[in-house]
Amino acid sequence: MGENSKTAVTQDAVADKARHGALGTLGRFMGSGLGGAVAILIVLIAVFSILEPSYLSVGNLTNILRQYSFILILAVGQTMVIITAGIDLSVAATAALAGSVMGVTYAHAGLPSWLAIGLGLLSGFVIGLFNGLAITMWKVPDIIVTLGSLTAVRGVALVVTDGLPVPNYSHSVEGRRMPPAIEFLGTADVGGIPLIILVAALCCVAGWYVLNRTRLGRSIVAVGGNQEASRVSGINVSRIKVSVYAMSGLLAGIGGLVLAGRLNSANALSADGNELDTIAAVVIGGAALFGGEGRVSGTIVGVFIMGVLSNGLNMMGVSDFWKRIINGLIIIVVVAVDQWRRRRAAA
């Protein structure tokens, strides 16, 4: 009888430990930025699917993914920047410049498609590299450098395109619009899945791999957590920040080319304001604006939240003016809740 009692007590203890362990894991997940973001996403989908029965149709969900794949590509680079306690306000302008350079060199100058694509990507990388070098060598705050780049890069794109959409048929080589490969990436489907979604997925995988499986990724997190401690431990902080901004510029370039392919046109004014969307997505996904914390998976959820919300409001007939107000308030509330959560955890 004594042995049976001991066995029963042991089994109860194991079951209790497992139960509390599961609840503890769930609590930690829901208390994290990612857990809260996932909960918000589920609630939004549930609410809109009740209000609009066609909301969960395959066509509508595919449309959301197609429209926000461009934002997701840019947001992956923004994630790495914000983890280092930086911010990149120039990503949207850089994307517009990359698309403009590619379009002008292909449709107007008649260069081979591979060279035009390469120049578009190179322009994005160079802008990111410039931002990183200006921040680290001139000791100018990230927000000031990238704010200046936002304006200057948009101006360069306007100069490149002469302020007109590309192709401009008074300047273009006959029969040329966008490189065929870019048009294909922007408009084609594979098994019913738009290729632009697959491009965004590959960018997410690459960003996840860099942050979670490389020495560079560990250094990015360390620099964001404490720059001085990272410097003392032997990490070249300047090199890490330059690398992060260069990658952000390159990803912005990829996004710009894909966007030009989807629209079958390049425009120096395209993606205007989308830099704030990328920042919002990263923060909603649980990244800390003060650095040291963030993940690509959270950014993906953040982008989906913005896409689901925007699409749902559109289907309900809400005007764009109110959408801007709602999106702004959501960002403020999410950041406020995140700061409250961090203060509580530190207490």
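All figures in this text were calculated on a predicted structure; none of them were measured in a lab.

Criteria and thresholds
- Residues numbered from 1 in each chain as written.
- Predicted model: local features only at pLDDT ≥ 70, side-chain atom pairs only at ≥ 80, totals over all residues.
- Heavy atoms only, no water.
- Disulfide = S-S within 2.5 Å.
- pLDDT = per-residue confidence, 0-100.
- Helix = DSSP H or I, 4+ residues; strand = E, 2+ residues; numbered from the N terminus.
- Contact = heavy atoms within 4.5 Å.
- Phe/Tyr/Trp six-rings, centres within 6.5 Å; stacked < 30°, edge-to-face > 60°.
- Buried < 20%, exposed > 50% of the residue type's maximum accessible area, 1.4 Å probe, protein only.
- Lys NZ or Arg CZ within 6 Å of the ring centre and 35° of its normal.
- Bend = angle between axes of the 7 residues up to and from the residue.
- Salt bridge = Lys/Arg side-chain N within 4 Å of Asp/Glu carboxyl O.
- Patch = residues over 30% accessible without salt bridge, like charges linked within 9 Å, V, L, I, M, F, W, Y side chains within 5 Å.
- Areas by Shrake-Rupley, 256 points an atom, 1.4 Å probe, with all protein chains shown as cover.
- Core = buried A, V, L, I, M, F, W, Y, C linked by side-chain atoms within 4.5 Å.

Trainee: How would you summarise the state of the cysteines if you had to cite specific residues and measurements?
Mentor: Throughout this description, disulfide means a covalent bond between two cysteine sulfur atoms. Inspection of every chain in the model, using the stated rule, returns 0 disulfides. Left unpaired, Cys 203 is separated from the closest cysteine sulfur, that of Cys 204, by 7.0 Å.

Trainee: Tell me about the confidence of the model for the protein chain, and please be specific about residues and values.
Mentor: Parts of the prediction with low pLDDT should not have their coordinates interpreted in detail. For the protein chain, mean pLDDT is 89; residues scoring 70 or higher make up 90% of the total. Between the elements of the protein chain, mean pLDDT differs from a low of 47, seen in helix 1 (residues 2-31), to a high of 98, seen in helix 5 (residues 113-137). With pLDDT under 50 throughout, residues 13-30 is counted as low confidence; its partners more than four residues away or in other chains account for 7 contacts.

Trainee: Report on the packing of aromatic side chains, specifying residues and quantitative values.
Mentor: Applying the stated criterion across every chain, the model contains 2 aromatic pairs. Judged by centre distance (5.5 Å) and plane angle (35 degrees), the rings of Phe 48 and Tyr 55 are tilted. Accessibility expressed as a relative area gives 6% for Phe 48, which makes it buried. Taken together, a centroid distance of 6.1 Å and an interplanar angle of 80 degrees make the contact between Phe 130 and Trp 138 edge-to-face. A relative accessible area of 57% places Trp 138 in the exposed class. Over the ring of Tyr 106 we find Arg 176, and its NZ or CZ is 4.2 Å from the ring centre.

Trainee: Help me get a handle on helix 3 (residues 58-83), residues and values and all.
Mentor: Of all the bends in helix 3, the greatest measures close to 45 degrees and is centred on Ser 69. By the criterion of burial, helix 3 is predominantly enclosed, with 19 of the 26 residues buried. Ala 85 sits one or two residues past helix 3 and shows a positive phi near 70 degrees.

Trainee: For the pattern of salt bridges, give the residues involved together with the corresponding values.
Mentor: Inspection of the entire model under this criterion finds 6 salt bridges. Measuring nitrogen to oxygen at the nearest pair gives 4.0 Å for the salt bridge that ties Arg 66 to Asp 189. Placement of Arg 66 in helix 3 and of Asp 189 in strand 1 (residues 189-190) is noted, with a sequence separation of 123 residues between them. A relative accessible area of 42% means that Asp 189 is categorised as partly exposed. Its salt-bridge partner being Arg 231, residue Glu 228 comes within 3.0 Å of it at the nearest N-O pair. With a gap of 3 residues between them, Glu 228 and Arg 231 both fall in helix 10 (residues 227-232), about one helical turn apart.

Trainee: Could you give me a rundown of a nonpolar patch on the surface, with the residues and numbers involved?
Mentor: Nonpolar side chains collect at one region of the surface, where Val 43, Val 47, Leu 51 and Met 316 lie side by side and expose about 350 Å² of accessible area between them. Looking at where Met 316 falls in the secondary structure, it is placed in the loop between helix 13 (296-315) and helix 14 (320-346). Judged by relative accessible area, which is 44%, Met 316 ranks as partly exposed.

Trainee: Got a sec to walk through the environment of Val 334? Specific residues and values, please.
Mentor: Structurally, Val 334 can be placed in helix 14. With 135 residues separating them along the chain, Val 334 and Val 199 place their C-alpha atoms 28 Å apart. Discounting chain neighbours no more than four positions away, the residues touching Val 334 are Val 283 and Ile 284.

Trainee: Kindly report on the nonpolar core, identifying the contributing residues and their values.
Mentor: Of all hydrophobic cores here, the largest spans 63 residues; its most connected members are Phe 48, Phe 70, Met 80, Ile 220, Val 303 and Ile 305. For this core, the element with the highest residue contribution is helix 3, accounting for 13 residues. Setting aside residues up to four positions removed in sequence, Val 303 forms contacts with Tyr 68, Ile 71, Leu 72, Ala 75 and Ala 281.

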